[in-house]
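A structural walkthrough
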Amino acid sequence: HVGGALDLRARSSASGRTRGIYLNSAEIDLQHAISSGGRTRGNIVLQLFAEDPPDIHDGQDIQIGEAYVLYQLPIHWDSETTTFLKVGQFQVPFGLLAVYDPHLQIIQPLYSDSLGVRTDFGVALSGTLYGHLQYDASLTTGSGPNHADVDPNRLVTLRLGRTFDTRNGLVNFGGSLLSGRLPVTDLDASDPFAVELPPSGRVRANRLDTSSERYTPKTRIAIDATYKYKSIMGRGEAVVGADRDHRGQ
């Protein structure tokens, strides 16, 4: 399967950062099913981006977004329990990032300010337990996508969720825990705006290098909720945590 998208935007303001009509990104999405015994067991996914984010100097580039292999493991505790293994570059399953892909949305979740990454390289397990509880657990580098360094002790993420089918629509609640080394996203005089990650999810601001001053230990706790009723969809999340020994939010 081959798909794609063009993200064309326009922005103006009386002061501050301005930009006319611009192409934020163009992407190609490739997906190939993995079959065994006449059944689909997983997928191979690859995203390619040509991006020009307006708030990152010299940000024009061609990047890889998500690139992973997803395969259903032959684990059968009962008929409603599933386990999928994911290996490669994928969204960190923390908060709303575990349940939907926001890279084409104008309003983003809190990952830019709180985590400093959207996609990361590593391994993950996901699925459902007894048909009711959804789970996601990942072990990733914490350095963002398109990095060759692999440190499996950097970032650990866990999310548990539950979907309720009510008379007024579907409701999903989730709780997430995260711990590891991530980019510094503090605001200061030299960086007065929140880190705005490009569509590919690449960490490319110059201050986010591999030195100890650019990465810091972070712990985060999040709760998220998704509500769907007919064509109406609502999402929200709250995140708290700390960088080193300092409280943050």
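The structure reproduced in this document is the subject of the present report. The structure displayed is predicted, hence computed values, not measured ones. (Residues numbered from 1 in each chain as written. Predicted model: local features only at pLDDT ≥ 70, side-chain atom pairs only at ≥ 80, totals over all residues. Heavy atoms only, no water.)

**So, the overall build of the protein chain**
Counting its secondary structure elements, the protein chain contains one helix and 12 strands. For the protein chain, the α and β elements follow one another from N to C terminus as β-β-β-β-β-α-β-β-β-β-β-β-β. A buried classification covers 40% of the 249 residues belonging to the protein chain. Taking the intrachain contacts of the protein chain between residues at least 6 apart in sequence as the baseline, contacts between residues at least 24 apart amount to 55%. (Helix = DSSP H or I, 4+ residues; strand = E, 2+ residues; numbered from the N terminus. Buried < 20%, exposed > 50% of the residue type's maximum accessible area, 1.4 Å probe, protein only. Contact = heavy atoms within 4.5 Å.)

**As for the pattern of salt bridges**
Throughout the structure, instances matching the rule amount to four salt bridges. Its salt-bridge partner being D7, residue R9 comes within 2.9 Å of it at the nearest N-O pair. Residue R9 is classed as buried on the basis of its relative accessible area, which comes to 17%. The partner of D243 in a salt bridge is R220, with the nearest N and O atoms 2.8 Å apart. A residue pair is termed long-range when its members are at least 10 positions apart, and D243 in strand β11 (residues 232-243) and R220 in strand β10 (residues 215-229) qualify at 23 residues. Accessibility expressed as a relative area gives 7% for R220, which makes it buried. (Salt bridge = Lys/Arg side-chain N within 4 Å of Asp/Glu carboxyl O.)

**So, the packing of aromatic side chains**
Overall, the coordinates contain one aromatic pair when judged by the stated rule. Measuring from centroid to centroid gives 6.3 Å for F164 and F173, while their planes differ by 65 degrees, and the two rings are edge-to-face. Above the face of the Y68 ring, K86 is positioned so that its terminal group lies 4.6 Å from the ring centre. Between R235 and the ring centre of Y100, over which it is positioned, the NZ or CZ distance is 3.8 Å. (Phe/Tyr/Trp six-rings, centres within 6.5 Å; stacked < 30°, edge-to-face > 60°. Lys NZ or Arg CZ within 6 Å of the ring centre and 35° of its normal.)

**A few points about unusual backbone geometry**
Even without glycine at this site, K230 takes up a positive phi of about 55 degrees. Here K230 lies in the loop between β10 and β11.

**Concerning the nonpolar core**
V92, F94, L115, V117, L178 and L182 are the most contacted members of the largest nonpolar core, which has 13 residues in total. Leaving out residues up to four positions away in the same chain, V117 has contacts with V92, Y111, G142, G144, L182, P183, L197 and V203. Counting five residues, the second largest nonpolar core, distinct from the first, contains Y68, L70, F90 and A124. (Core = buried A, V, L, I, M, F, W, Y, C linked by side-chain atoms within 4.5 Å.)

**Re the pairing of strand β6 (residues 119-129)**
If a strand is regular, its side chains alternate between the two faces of the sheet. Inspection of the sheet shows strand β5 (residues 82-91) paired to β6 by 10 bridges, in the antiparallel sense. Looking at the pairing, Q89 lines up with F121 of β6. Sheet topology places β6 next to strand β7 (residues 133-140); eight bridges connect them, and they run antiparallel. Pairing of L125 across the sheet is with A137, part of β7. A loop of three residues connects β6 with β7, the two strands running antiparallel in sequence, and Y130 in this loop sits at a positive phi of about 55 degrees. (Pairing = 2+ DSSP bridges.)

**Considering the side chain of R118**
When you line up the elements, R118 lands in the loop between α1 (111-114) and β6. One polar contact links R118 to Q91, side chain to side chain, over a distance of 2.8 Å. Ignoring anything within four residues of it in the chain, the contact list for R118 reads F90, Q91, V92, L97, D101, P102, H103, Y111, L197, P199, S200 and G201. (Polar contact = N/O pair within 3.5 Å; in protein donor to acceptor, adjacent residues only side chain to side chain.)

**Some thoughts on the environment of K218**
Take K218: it is sitting in strand β10. Taking the relative accessible area as the measure of exposure, K218 reaches 1% and is therefore buried. Taking the C-alpha atoms as reference, K218 lies 5.7 Å from S179; in sequence the two are 39 residues apart. K218 has contacts with S114, L115, L178, S179, G180, L182, P183, T185, A242 and D243, leaving out every residue within four places of it along the chain. Here the side chain of K218 touches S114 through a polar contact of 3.2 Å, landing on its backbone oxygen.

**What to know about a nonpolar patch on the surface**
There is a patch of nonpolar side chains on the surface, built from L85, V87, V123, L125, L139 and V156 and spanning about 410 Å² of accessible area. Mapped by element, the contributors of at least two residues to the nonpolar patch are β5 and β6. Note that L85 resides in strand β5. Owing to a relative accessible area of 32%, L85 belongs among the partly exposed residues under this scheme. (Patch = residues over 30% accessible without salt bridge, like charges linked within 9 Å, V, L, I, M, F, W, Y side chains within 5 Å. Areas by Shrake-Rupley, 256 points an atom, 1.4 Å probe, with all protein chains shown as cover.)

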